[in-house]
Amino acid sequence: MNLLAIFSYPFMQRAMIAGVLISLCCALLGVSLVLKRYSMIGDGLSHVSFGALAIAVALGFTPLYFSIPVVILAAFFLLRLAEDSRWNSDAAIAVMSASSMAVGIVVISLTTGMTTDVDNYMFGSVLTMSETDVILAALVCTAVLVLFVLFYHKIFAITFDENFSRATGLQVRRYNSLLSVLTALTIVLGMRMMGAMLISSLIIFPTLTAMRLFRSFRGVVLCAGASSVVCFGVGLTVSFVLSTPVGASVVLVNLAVFALACLWRALHSR
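Residues numbered from 1 in each chain as written. Predicted model: local features only at pLDDT ≥ 70, side-chain atom pairs only at ≥ 80, totals over all residues. Heavy atoms only, no water.

Note on placement: G235 falls in helix α12 (residues 217-242). Judged by its relative accessible area of 0%, G235 is buried. (Helix = DSSP H or I, 4+ residues; strand = E, 2+ residues; numbered from the N terminus. Buried < 20%, exposed > 50% of the residue type's maximum accessible area, 1.4 Å probe, protein only.)

For the chain, per-residue confidence averages 83 on the pLDDT scale, and residues scoring 70 or more make up 90% of the total. When pLDDT is averaged over each element of the chain, α12 comes out on top at 91 and helix α6 (residues 116-123) at the bottom at 63. (pLDDT = per-residue confidence, 0-100.)

Going through the model one piece at a time under the given rule, you end up with 2 salt bridges. Note that E162 and K36 form a salt bridge whose closest N and O atoms lie 2.4 Å from each other. Placement of the pair is E162 in helix α9 (residues 162-167) and K36 in the loop between α2 (10-35) and α3 (41-59), with a sequence separation of 126 residues. Between E162 and R166 there is a salt bridge, with its nearest N and O atoms 3.5 Å apart. Of this pair, E162 and R166 both sit in helix α9, 4 residues apart, which is roughly one turn of that helix. (Salt bridge = Lys/Arg side-chain N within 4 Å of Asp/Glu carboxyl O.)

Looking now at a nonpolar patch on the surface. Residues V230, V234, V238, V241 and L242 make up a contiguous nonpolar surface patch of roughly 390 Å² in combined accessible area. Turning to its location among the elements, V238 is positioned in helix α12. (Patch = residues over 30% accessible without salt bridge, like charges linked within 9 Å, V, L, I, M, F, W, Y side chains within 5 Å. Areas by Shrake-Rupley, 256 points an atom, 1.4 Å probe, with all protein chains shown as cover.)

A packed helix pair is summarised by two numbers, namely the angle formed by the two axes and the spacing between the axes. Taken N-terminus to C-terminus, the directions of α12 and helix α13 (residues 246-269) make an angle of 130°; their axes are 8 Å apart at the nearest point. Of the possible angle classes, the one that applies to α12 and α13 is oblique. When you trace α12 past α13, the crossing you get is right-handed. Judged by residue contacts, C231, F232, V234, G235, L236 and S239 of α12 engage V246, S249, V250, V253, N254 and V257 from α13. Tallied by class, residues from the contact of α12 with α13 come to 8 nonpolar, 4 polar and no charged. (Axes fitted to C-alpha atoms, helices over the stretch in contact; angles between N-to-C directions. Parallel < 35°, antiparallel > 145°, perpendicular 65-115°, else oblique. Left-handed = near helix turned anticlockwise from the far one by under 90°. Contact = heavy atoms within 4.5 Å. Nonpolar A, V, L, I, M, F, W, Y, C, P; charged D, E, K, R; others polar.)

What follows deals with the nonpolar core. Membership of the largest hydrophobic core comes to 78 residues, with the highest contact counts inside it found for L45, V126, V144, F148 and M193. Looking at which element gives the most residues to this core, the answer is α2, with 13 residues. If sequence neighbours within four positions are ignored, V126 has contacts with A15, R192, M193, F232, L236 and V246. (Core = buried A, V, L, I, M, F, W, Y, C linked by side-chain atoms within 4.5 Å.)

On the secondary structure map, S165 appears in helix α9. Its relative accessible area of 1% is what places S165 among the buried residues. Among residues more than four places away in sequence, those in contact with S165 are A157, I158, L170 and V172.

One pass over the full model with this rule turns up 7 aromatic pairs. Seen in terms of ring centroids, F156 and F160 are 4.9 Å apart; in terms of plane orientation they differ by 50°. Their pairing is tilted. Of this pair, F156 and F160 both sit in helix α8 (residues 152-160), separated by 4 residues, roughly a single helical turn. Judged by relative accessible area, F156 falls into the partly exposed class, the value being 36%. Sitting over the ring of Y152, R218 keeps its end group 4.5 Å from the ring centre. (Phe/Tyr/Trp six-rings, centres within 6.5 Å; stacked < 30°, edge-to-face > 60°. Lys NZ or Arg CZ within 6 Å of the ring centre and 35° of its normal.)

Because an α-helix packs 3.6 residues into every turn, residues spaced three or four apart end up facing the same way. Taking 1.5 Å per residue as the helical rise, helix α10 (residues 172-194) with its 23 residues ought to reach 33 Å, and the 31 Å between its terminal C-alpha atoms agrees with that figure. Along α10, 19 of the 23 residues are buried, which leaves the element largely enclosed by surrounding structure. In the segment just after α10, G195 is the residue with positive phi, at about 90°. (Expected span 1.5 Å × (residues − 1).)

Here you go:
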């Protein structure tokens, strides 16, 4: 099979463009989230989005536009809980994640059942992404890239030491809020590609892989972005050739690259 011919189909072109953009966003945001020990926020927000889209489908609203503000509010709420010393951030994410998923399942069971829209967001359907999805992915990716290019040193500071950053006068809450909004938007768009069950893998795997290969923050950021984009491209191609689910194929490719990075690190340390 001619691999180049695969991407002559418009739906494959949209899938590749949107997938690469969303993968890059997940990887860049994932570096800060993983290092700040918020790696499971992607899982929590994807479940919130699932609950929101279940309600949207039941009420006859457009799932994407209904989910975005709900997930952004959830991201702000989780951020506030994480700043409260009386709460454990992992526990807060787990509570919101389980509650949102339960709400979504109950709403689906009482109303429309598992429709095509719900199924696409639950398990992912990157091949059905529209031109609107591609445009939204491009806008979010541009915002993430601008954030990292213009405010790289500030992102570095709040990632590693928020208390010192506050002491130097840096508006930590403002930048954390910006990260939360971009993460929420990326998660909502990424669910269409990977599904609620797998989207968090795009946040975690590239960063873990990069951390095995590089020690500097800049090196980890660049490597995470590159590996995420390459893994998505390979996963999408493998999925089309072998007729396997796209989301699962991308995750397995990320897992294979992570395993190779661990092996290289183990051999290099000797």
